[in-house]
Each structure stands twice: as structure tokens, then as C-alpha cells.
Amino acid sequence: MRNIALLLKYEGSAYHGWQVQKNDVTVAETLEKAAAAVVGHKVHMTGCGRTDAGVHAKKYVANFRTDSRIPTDRLPYALNTHLPEDIVVTSAWEEHEDFNAIGSCVRKEYSYLIYNSHIRDPFYVNRAWFYPKHLNEAVMQAAADRFVGTHDFAAVRSVGTDVKSTVRTVYYFNVERQGELITCRVCANGFLYNMARAMVGTVVYAAEGKLSPRDIDGILERGDRTAAGPTAPPGGLYMTSLWYDDGKAVFHV
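Residues numbered from 1 in each chain as written. Predicted model: local features only at pLDDT ≥ 70, side-chain atom pairs only at ≥ 80, totals over all residues. Heavy atoms only, no water.

### What about the packing of aromatic side chains?
So, point 1. Within the structure shown, the criterion is met by 12 aromatic pairs.
So, point 2. Judged by centre distance (5.5 Å) and plane angle (90°), the ring pair of W93 and F251 falls under edge-to-face. Separated by 158 residues along the polypeptide, W93 in strand β4 (residues 87-95) and F251 in strand β11 (residues 250-252) bring together distant segments of the chain.
So, point 3. Taking 5.0 Å as the distance between ring centres and 90° as the angle between the ring planes, the aromatic pair formed by Y110 and F191 counts as edge-to-face. Within this pair, whereas Y110 is found in strand β5 (residues 105-115), its partner F191 is found in the loop between β9 (181-188) and α4 (195-207), the two being separated by 81 residues in sequence. Per residue, the accessibility class of Y110 equals that of F191, and both read buried.
So, point 4. One cation-aromatic arrangement involves K58 over Y238; the distance from NZ or CZ to the ring centre is 5.3 Å.
So, point 5. The ring of Y171 has R107 lying over it, and the distance from NZ or CZ to the ring centre is 3.6 Å. (Phe/Tyr/Trp six-rings, centres within 6.5 Å; stacked < 30°, edge-to-face > 60°. Helix = DSSP H or I, 4+ residues; strand = E, 2+ residues; numbered from the N terminus. Buried < 20%, exposed > 50% of the residue type's maximum accessible area, 1.4 Å probe, protein only. Lys NZ or Arg CZ within 6 Å of the ring centre and 35° of its normal.)

This is how it looks when you write it as C-alpha cells:
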């Protein structure tokens, strides 16, 4: 069996996240059906992360196994003929037999968009968090800096998937403004359920003066979810970069 890796992107508004679910349309289910139509047998897709309902991906890696001999350079075109317009496979390649889209991934970057204007923009509906009150990006950055490093991030996660540990390492959390659009980019070795969105909500709280950047140290130490900021809406979140290094597959997309 060949182990095929896919690089894809999707606009997630119409989907209940990545993971296959019984009663909701998901990205994985849609991709599996397209792949089955192409290779002629049932397919199981392993994705690099369980993005939530309404979350998008500019870069996303998945893998599946097949005995089909279709050349990898033809797979994106074949898959895209069976996919809706909001999911696009951009490339495909064959990986070693143990490659796993989530298990081989060592770092991920999410970007969160905030449309910070008094008047909403219809082109950012479900693609950015419309926030009419002016936010000071310098204060947001000062708050974001407190998250960088290895910490217990229980204070910025929602109850959901069970995990062995809530300790993660955040490599950077950068806040940039271009006009009315604020982009928050956070990179870590893994993310807890709703962690990125809760981190964004917390730095927004800091910009609002509801907490100080230095308060975040204590919030993380206590694991106090009620003291941190809200979970930002899903439509502003994008998976934007992935790093792989399992000793055999070493690449960055």
C-alpha cells in the first residue's frame, strides 16, 4: 500500500470541522468521498489537526493509504474534480509507510484575523472577527508575549478532547496591524481544544483593559479558565503553517 500525503486548503464555513461525524458534514468526510471515487476503494484520511466548525485552513496536510497506481502529480486534479469549490488539494506526494499527518507534525501555526473597524465589511463575514471597539495592538502584543514559552495552558482551553498533558510550548505569538485588519499568529508544538482562540480572546481582553498583560502569568499558573478572556469566534481562525520532522519526512509548508 502506498502512503499518500496531500496538501490542501479549505474555507471552513460550510463544515463542522475536520473530523468525521455521524450527523454533520465535515472536511474529512468530503475528502474521503472524493478520494474513494478517484482510487476505487474506501479511504480513511488522517488529518494534521481537528479544526473546529467554521475554522479555515490555508495549509493543511492529510494522508491516506491506497493500492491505486495513479501518479501523485495527477491526484490533485483528479481529487479536485470530485470536491466542492471550498476545498482544494494543491499537491500530493508519496511518503514513507510510517508517516502520519498528525503524529509526524512537530509544529503548527494558526493565524487569527480581527477586523477592527466601526463599520463591518461583508467580505470578512465568517472570515474575521468583526470588533468595532478600537484595539491597541501594542497592548495585545505585550499580552501575547506572556504566552511564549513552555507552560501549562489549561487556562486557555475548553473542555473537550482528553489529553495526557496540558503543557505545550509556544514558539511565538505575534500581533500585527495593517489598516483595520489585525493578524495574530501563534506557533506551538501542539494546541489544546480552542487554545488558539482563547489566547486571542485573552489578548483582546488585555487591549480592552479588562486585565493587564502581567496578569496572564498568574492565570496560566492557576489554570483559571474563568480569569482568561473569551474564546474568539471560529470564523477568524486559519491553519497557516506546518512543520514536519519524524526523521524521514522533514519539511515545512
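### Considering the packing of helix α3 (residues 137-145) against α4
So, point 1. At a minimum axis distance of 8 Å, the contact between α3 and α4 shows a crossing angle of 130°. Regarding the angle of α3 to α4, the classification is oblique. Like other packed secondary-structure pairs, α3 and α4 cross with a definite hand, here right-handed. In this structure, α3 uses V139, M140, A143 and A144 to contact α4, whose residues at the interface are V203, V204, A206 and A207.
So, point 2. A per-class count over the contact of α3 with α4 returns eight nonpolar, no polar and no charged. (Axes fitted to C-alpha atoms, helices over the stretch in contact; angles between N-to-C directions. Parallel < 35°, antiparallel > 145°, perpendicular 65-115°, else oblique. Left-handed = near helix turned anticlockwise from the far one by under 90°. Contact = heavy atoms within 4.5 Å. Nonpolar A, V, L, I, M, F, W, Y, C, P; charged D, E, K, R; others polar.)

### Regarding the nonpolar core
So, point 1. Counting residues in hydrophobic clusters, the biggest one holds 77 residues, and the most contacted among them are L6, I114, M140 and F173.
So, point 2. Once residues within four sequence positions are removed from consideration, L6 is found in contact with L31, M45, Y60, V61, A62, F64, L79, V89, S91, A92 and W93.
So, point 3. L113, A128, L181 and Y238 belong to the second-largest nonpolar core, a separate cluster that totals five residues. (Core = buried A, V, L, I, M, F, W, Y, C linked by side-chain atoms within 4.5 Å.)

### Description of unusual backbone geometry
A negative phi holds for most residues other than glycine; trans holds for most peptide bonds.
So, point 1. A positive phi is found at N126, a non-glycine position, where the angle reads about 65°.
So, point 2. Examined against the element boundaries, N126 turns out to sit in the loop between β5 and β6 (129-130).
So, point 3. In this structure N126 comes out as partly exposed when scored by relative accessible area, which is 46%.
So, point 4. The phi angle at N194 is positive, at roughly 65°, despite the residue not being glycine.

### Regarding the layout of surface pockets
In this approach the atoms are scanned with a rolling probe the size of a water molecule, which exposes any empty space left behind.
So, point 1. The volume enclosed by the second largest pocket comes to roughly 160 Å³.
So, point 2. As for the second largest pocket, its lining consists of K58, S111, L113, E176, R177, Q178, L181, T183, R185, Y238 and T240.
So, point 3. Listed by contribution, the elements that provide at least two residues to the lining of the second largest pocket are β5, β8 (167-178), β9 and β10 (237-245). (1 Å grid on protein atoms, 1.4 Å probe; cavity = no way out; pocket = protein on both sides within 12 Å on 5 of 7 lines; lining within 4 Å. Points joined across faces, edges and corners; volume = space filled by probe spheres on them.)

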